[in-house]
Amino acid sequence: MKMKIVKSLIICFCLMLGEISCKAFAYEAGINNNLRAPAYPLITIDPYTSGWSFTDHLYDSSVRHWTGKERQLTGAVLVDGKNYRFMGLENVPMSMIVSTSEGENWKGTYTTVKPEGDWSKLQYNDSKWLQGKGAFGSVGRLKATTSWRTSDIWVRRIVNISKADLSRELYLEYSHDDGVEIFINGQEVINTGNSCKANEMLKLSEGIKKLLVPGKNIISAHCHDGGGESFLDFGIWMRKDNVQQFNHTAQQTHVNVMPTQTYYTFKCGGIQLDLIFTAPLLMNNLDLLSRPVNYLTYQVKSIDGKLHDVVVYVDATPQWAQDKINQPIQSGIVNNDKLNLLKTGTKSQSILEKEGDDVRIDWGYFYLSTPKEKNISYAIGNARKVRNAFLSGKALNNTCAENLFGDLTSNMEVLAIVHKMGKVGASMKSGYIMLGYDDIYPIQYFGQNLRPYWNRNGDKTIIDELHAAASDYSSVMQECAEFDKSMMKDAIAASGDKYADLCALAYRQAVSAHKLVQDNQGNLLFFSKENFSNGSIGTVDISYPSSPLFLIYNTKLVKALMNHIYAYSESGKWTKPFAAHDVGTYPLANGQTYGGDMPVEESGNMLIMSAAVCKLDNDASYAVQHWEVMSTWANYLLEHGMDPDNQLCTDDFAGHFAHNTNLSIKAIMGIASYGIMAQMLGKDEVAHKYLEAAKKMAVMWEKMANDGDHYRLTFDKSGTWSQKYNMVWDKLFETHLFDQAIYDKELAYYLRKQNKYGLPLDNRAEYTKSDWIMWTAALADNKSITNKIVVPVWLYANYTPSRVPLSDWHMTDSGSQRGFQARSVVGGYFILMLKDKMLKK
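Notes on the structure in this doc start here. These numbers were taken from a predicted model, which means no experiment stands behind them.

Next up on the list: the overall build of the protein. The secondary structure content of the protein amounts to 19 helices and 37 strands. Relative to its length of 841 residues, the protein is compact, with a C-alpha radius of gyration of 27 Å against a globular reference of 28 Å. If you line up the protein on its principal axes, its C-alpha atoms span 80 × 75 × 50 Å. Residue burial in the protein is summarised as follows: out of 841 residues, 65% are buried. Partitioning the intrachain contacts of the protein with sequence separation of at least 6 by distance along the chain shows that 73% fall at a separation of at least 24. When the accessible surface of the protein is totalled, it reaches about 28600 Å², and 48% of it is carbon and sulfur.

A few words now on the pattern of salt bridges. Under the defined criterion, the tally for this structure stands at 34 salt bridges. Close ionic contact of Lys-69 with Glu-102 constitutes a salt bridge, the shortest N to O distance being 2.6 Å. Note that Lys-69 is positioned in the loop between β4 (50–53) and β5 (73–79) and Glu-102 in the loop between β7 (94–98) and β8 (107–111), a separation of 33 residues in sequence. There is no split in this pair, since Lys-69 and Glu-102 are both buried. Here Lys-354 ties to Asp-323 by a salt bridge, and the two come within 2.9 Å at their closest N and O atoms.

This next bit is on the environment of Glu-530. With respect to the helices and strands, Glu-530 occurs in the loop between β33 (524–528) and α8 (540–553). Classification of Glu-530 as buried rests on a relative accessible area of 6%. Along the primary structure Glu-530 and Thr-297 are separated by 233 residues, whereas in three dimensions their C-alpha atoms are 31 Å apart. The residues touching Glu-530, leaving out its near neighbours within four places in the chain, are Asp-357, Gly-535, Ser-536, Thr-539, Ile-542, His-581 and Arg-823.

Spatially, β31-β30-β34 is the arrangement adopted by the three strands of the open sheet, whose pairing is mixed. The open sheet is flanked by β31 (448–450) and β34 (588–589), the only strands paired with a single partner. With two bridges joining them, strand β30 (residues 443–445) and β34 adopt parallel strand pairing. The partner of Tyr-445 across the bridge, within β34, is Ala-589.

The next subject is the nonpolar core. Trp-701, Trp-729 and Phe-738 are the most contacted members of the largest nonpolar core, which has 218 residues in total. Among the elements that make up this core, the one with the highest residue count is helix α13 (residues 661–680) (eleven residues). Apart from the residues lying within four places of it in its own chain, the contact partners of Phe-738 are Ile-665, Ile-668, Met-669, Ala-698, Trp-701, Met-727, Asp-730 and Tyr-743. Listed in part, the 28 residues of the second largest apolar core include Leu-172, Leu-204, Leu-232 and Ile-236.

It is worth spelling out the side chain of Ser-99 at this point. Here Ser-99 shows up in the loop between β7 and β8. Looking at Ser-99, its side chain comes within polar contact range of the main-chain nitrogen of Glu-104, at 3.2 Å. Dropping the residues within four chain positions of it, Ser-99 is found in contact with Glu-104, Trp-106, Arg-157, Phe-234 and Gly-235.

Helix-helix packing is described using two parameters, namely the angle between the two axes and the distance between the axes. At their nearest, the axes of helix α7 (residues 497–512) and α8 sit 10 Å apart, and the two run at 95° to each other. Relative to α8, α7 is oriented roughly perpendicular. Where α7 abuts α8, its residues Tyr-507, Ala-510 and Val-511 lie against Leu-549, Phe-550 and Tyr-553. Class assignment for the residues of the contact of α7 with α8 results in six nonpolar, no polar and no charged.

Right, let's talk about the side chain of Asp-358 for a bit. By secondary structure assignment, the location of Asp-358 is in the loop between β25 (339–346) and β26 (365–371). At 2.7 Å, the side chain of Asp-358 forms a polar contact with the side chain of Arg-360. The contacts of Asp-358, once residues within four sequence positions are left out, are Thr-67, Lys-143, Ala-198, Asn-199 and Asp-323.

What follows covers the environment of Gly-305. Within the secondary structure, Gly-305 is located in the loop between β22 (293–302) and β23 (308–316). Since its relative accessible area comes to 78%, Gly-305 is described here as exposed.

Following Gly-134, the chain continues into Ala-135 via a peptide bond in cis, with omega recorded as 10°. By the element assignment, Ala-135 lies in the loop between β9 (130–133) and β10 (136–137). For the peptide bond that leads from Tyr-586 to Pro-587, omega is 5°, which places it in the cis range. At Ile-440, a position not held by glycine, the phi torsion is positive, near 65°.

Quick look at the state of the cysteines now. For the coordinates displayed, the defined rule picks out zero disulfides. With no disulfide of its own, Cys-480 lies closest to Cys-503 among cysteine sulfurs, the gap being 18 Å.

Between its first and last C-alpha, α13 extends 29 Å over 20 residues, near the 28 Å set by a 1.5 Å rise per residue. Counting buried residues along α13, 18 of its 20 residues qualify, which places the element largely inside the surrounding structure. Sitting at the head of α13, Asn-660 places a side-chain oxygen 3.0 Å from the backbone nitrogen of Asn-662. Phi turns positive, to about 75°, at Gly-682, one or two residues after α13.

Looking now at the sheet that holds β23. With antiparallel pairing, the five strands of this open sheet are ordered in space as β6-β5-β23-β28-β27. If you trace the sheet from one side to the other, it starts and ends with β6 (82–87) and β27 (376–382), each paired once. Averaged over neighbouring strand pairs, the angle between their axes works out to 20° when direction is ignored. Summarising the sheet, β5 and β23 pair through seven bridges and their orientation is antiparallel. Considered in β23, the bridge of Leu-78 is made with Val-311. With respect to the sheet, helix α4 (residues 383–391) is in contact with β5, β6, β23, β27 and β28 (413–424), its orientation differing from that of β27 by roughly 150°.

The subject of this paragraph is the packing of aromatic side chains. Under the defined criterion, the tally for this structure stands at 50 aromatic pairs. On the basis of an interplanar angle of 85° and a centroid distance of 5.6 Å, the ring pair of Tyr-767 and Trp-809 is categorised as edge-to-face. Taken together, the residues span a long stretch of sequence, with Tyr-767 in strand β35 (residues 767–769) and Trp-809 in strand β36 (residues 809–811) at a distance of 42 residues. Taking the relative accessible area as the measure of exposure, Tyr-767 reaches 13% and is therefore buried. When the ring centre of Tyr-365 is taken as origin, the NZ or CZ atom of Lys-343, which lies over that ring, is 4.2 Å away.

Quick look at the packing of helix α9 (residues 555–570) against helix α12 (residues 627–640) now. Orientation of α9 relative to α12, taken along the N-to-C sense of each, is 90°, at an axis distance of 10 Å. Considered as vectors, α9 and α12 are oriented roughly perpendicular to each other. Note on element contacts: α12 touches α9 through Val-629, Met-630 and Trp-633, opposite Ile-565, Tyr-566, Ser-569 and Glu-570. Partitioned by chemical class, the residues of the contact of α9 with α12 number five nonpolar, one polar and one charged.

Cut-offs applied
Residues numbered from 1 in each chain as written. Predicted model: local features only at pLDDT ≥ 70, side-chain atom pairs only at ≥ 80, totals over all residues. Heavy atoms only, no water. Helix = DSSP H or I, 4+ residues; strand = E, 2+ residues; numbered from the N terminus. Rg over C-alpha atoms; globule rule 2.2 N^0.38 Å. Buried < 20%, exposed > 50% of the residue type's maximum accessible area, 1.4 Å probe, protein only. Contact = heavy atoms within 4.5 Å. Areas by Shrake-Rupley, 256 points an atom, 1.4 Å probe, with all protein chains shown as cover. Salt bridge = Lys/Arg side-chain N within 4 Å of Asp/Glu carboxyl O. Pairing = 2+ DSSP bridges. Core = buried A, V, L, I, M, F, W, Y, C linked by side-chain atoms within 4.5 Å. Polar contact = N/O pair within 3.5 Å; in protein donor to acceptor, adjacent residues only side chain to side chain. Axes fitted to C-alpha atoms, helices over the stretch in contact; angles between N-to-C directions. Parallel < 35°, antiparallel > 145°, perpendicular 65-115°, else oblique. Nonpolar A, V, L, I, M, F, W, Y, C, P; charged D, E, K, R; others polar. Disulfide = S-S within 2.5 Å. Expected span 1.5 Å × (residues − 1). Phe/Tyr/Trp six-rings, centres within 6.5 Å; stacked < 30°, edge-to-face > 60°. Lys NZ or Arg CZ within 6 Å of the ring centre and 35° of its normal.

Have a look at this one:
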């Protein structure tokens, strides 16, 4: 397929910024991504240091962490004295007048039995209801205070609001898992339908505000949990001051997402401004991959034939180092000969004292940095004062006037950089800012606090890494651009432009949902965080769907996805005859915390991933290291895998069920994987035994699952169907256990069952998992069929109303998010590229 090449962007690749004498170096931004992303990746270092744009234009919303919490990053440019905001929103001071649980554990009454009467009105008698403190839900997992584990909960909360507050702009903040209806004084104001969101903000219209009265009011809510975790929390914010300092907005003309870079182009005041967000997540260099520094490059040129005086401004808030907005912070300037270094972090520095899903880091330090240059100034201080200094055309005063609080009040502090670029003509002039994070000890592993991989020996500092990032800037930018073009070319070859668009969007999301560390024995550990599901660390059925990406680019990382699970069993800490589900709740990897086991699922996953590593490496030495445990798991699958008992599989949101045909395929492929590794090790008798067993089971499977024109969801229920995505390994390993007629029959049936936004997971609901759709597409040898299955996923990503980092669990009829976001499993999109690699090997 013909590649579409974006216009060349000019970058000044020099360490000293903004000099007219810089030699311009042109490189191609890559292949144009035509996808309107649900959210755009900006800063993607790891699960904690994360920044996304949830809107089409970079200036339409604040930069946010993948959880939805603000991570303020604001940018503006002066062109001949006129200001234009190009990134983020201004920190309009707000205060909480009805606290969520993040401010305090608020009091309410609740019941889990459906109430009669007008339960949402103030005068309702709730004397027989239970007393509790918000938030309500899964205690310890989603930061709930009062446990709620039934399907439904009804909550009433009396709040007092002053007359003065009612004259201001008010916002209702709410978090829910799953769907919620919220009422103010008996009137419904929110009905989310079947969804789950965190920290949503609804501006109260004048009509809704009229429902409130000075003094006592009632906010009531009904929340339904469809399974898994549950959560309900709400409160009200008030905007104190609506004065905007940046009174013009740049015009965004283009955005383009590549695997490691996101490009923006703006017009403002006779100039063109380009921004390039770069996360050098290159898997061939683990030191670079783990370096906790991203780049923000800015470049300007005149587009009207005139010279323009240009000043670029960027600021960040201490929110980057806070979990909760009201945590006291401390900021400062680090003296350094070569770099401007602005630093912020919480006062408490409670290292590794929190675990969970909707949790952000609140230890270590966030850095904003540039190389020292005479036209660059900086300051830490009150947002309004610092921005006024910029708007006046003055250099910042290179000082820190910290206030020690990072809450959304009039004292909001910023770390700010100003670059006076001088007179700008038709030649491009540029600069860059580095955003870094020193997390000190990011992971606890069976009681031991581990350093990040970049500092695994304890002989480096974050300042060293920032110096290295500045020194490597030119080469890293070039490497990223070259990798992006190469990866996109391979993706287009695998399944076309739209498939490549999806892979580009998935790349940084998948990689940055992990943390790379090394244990005290020198073993590499690549820990996933189970984002927006339950916060587990090192989950096997998260590693399994994400593994295609890492199998393509570095099998060491796939081993690192498994090493902790093997160690867990081999140490005797995990004693069951099947693989564990996880090793804890992020960032504490001290043993499984998930409430249920997935015996066939996780054992099959581990054996399949191990075999894939051995085949790609053409070396089975990894299997030698873990053969005893592998043998235990393979024998478990022999005994229990053909017709699985009532249990969970990776699609655990669908609940327990028995006789799962797709899970049976996983067992068959797990047994075959063990046979493949035995064959590679010269264990011919063992290889014969297990490969023959897999063949016989596959024949039995076809007879048991056959339902005429398709194959069943469960062996015992006719009229059911499901995606048989686990069968893809029979293709990739070329084991030929399943007859081609099985693939042909299933694929023809799938094409008849597709909806506008994808193929449902099975007959039970209209939702799907987009990672599994890609695996199902890889069952086809005909690329026309593959593309017919892939394209609806592109349509989902392009048109979904759910503006969050890519969700892998969505509704195929509406295109809306069903749950999950920002998860690493989108690495599974790369299965089609892996298929090309393995079958050409």
